[in-house]
Amino acid sequence: MRNEICSLAFVRAVFSEFLATLIFVFLGLGSALNWPSALPSVLQISIAFGLAIGTLVQTFGHVSGAHINPAVTVAFLLGSHISILRAVFYIVAQLVGAIAGAGILHALAPGNIRGNLAINQVCIFYIYAFLYVQI
């Protein structure tokens, strides 16, 4: 276990998970901000997310597997593709990377544009429609 943590490949893999998640959150949330000159459409936002994840997987996939998402890391852990130690370090790196990416975007975006950093809001209509279909 100690040999795995102290290896350069392990440190590179954990850092690549951190960096990939940071870039993904920064680009994804940045594409969904409400710029007054050109409001992004759902198609533009989804293309930005898709291109970002595709590029990041191609860039960091050979280093760490480019999970970029703690849910993917847990799936790899449950499938016995990575060790529990590596999974814990990946998840911590991904969470810290996501916070850092949102923090950088918050620092760079103007206050009137960043608003709530593109956080989705729940629409009551969809909740009623879902409940109606379930009954």
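Everything below is about the structure shown above.
Quick summary incoming for the structure in this document.

Scoring rules and cut-offs
- Residues numbered from 1 in each chain as written.
- Predicted model: local features only at pLDDT ≥ 70, side-chain atom pairs only at ≥ 80, totals over all residues.
- Heavy atoms only, no water.
- Helix = DSSP H or I, 4+ residues; strand = E, 2+ residues; numbered from the N terminus.
- Buried < 20%, exposed > 50% of the residue type's maximum accessible area, 1.4 Å probe, protein only.
- Patch = residues over 30% accessible without salt bridge, like charges linked within 9 Å, V, L, I, M, F, W, Y side chains within 5 Å.
- Areas by Shrake-Rupley, 256 points an atom, 1.4 Å probe, with all protein chains shown as cover.
- Salt bridge = Lys/Arg side-chain N within 4 Å of Asp/Glu carboxyl O.

1. Comments concerning unusual backbone geometry
With a phi close to 50 degrees, alanine 66 is a non-glycine residue in the positive phi region. Mapped onto the fold, alanine 66 is located in the loop between α3 (42–64) and α4 (70–78). Residue classification places alanine 66 among the buried residues on the basis of a relative accessible area of 8%. Here isoleucine 68, not a glycine, exhibits a phi torsion of approximately 60 degrees, which is positive. Mapped onto the elements of the fold, isoleucine 68 is located in the loop between α3 and α4.

2. Considering a nonpolar patch on the surface
Taken together, the side chains of Ile5, Ile84, Val88, Phe89, Val92 and Val96 present a nonpolar region at the surface, about 500 Å² in accessible area. In terms of residue count, the dominant contributor to the nonpolar patch is helix α5 (residues 84–108) (5 residues). Structurally, the position occupied by valine 96 is in helix α5. Residue valine 96 is classed as partly exposed on the basis of its relative accessible area, which comes to 44%.

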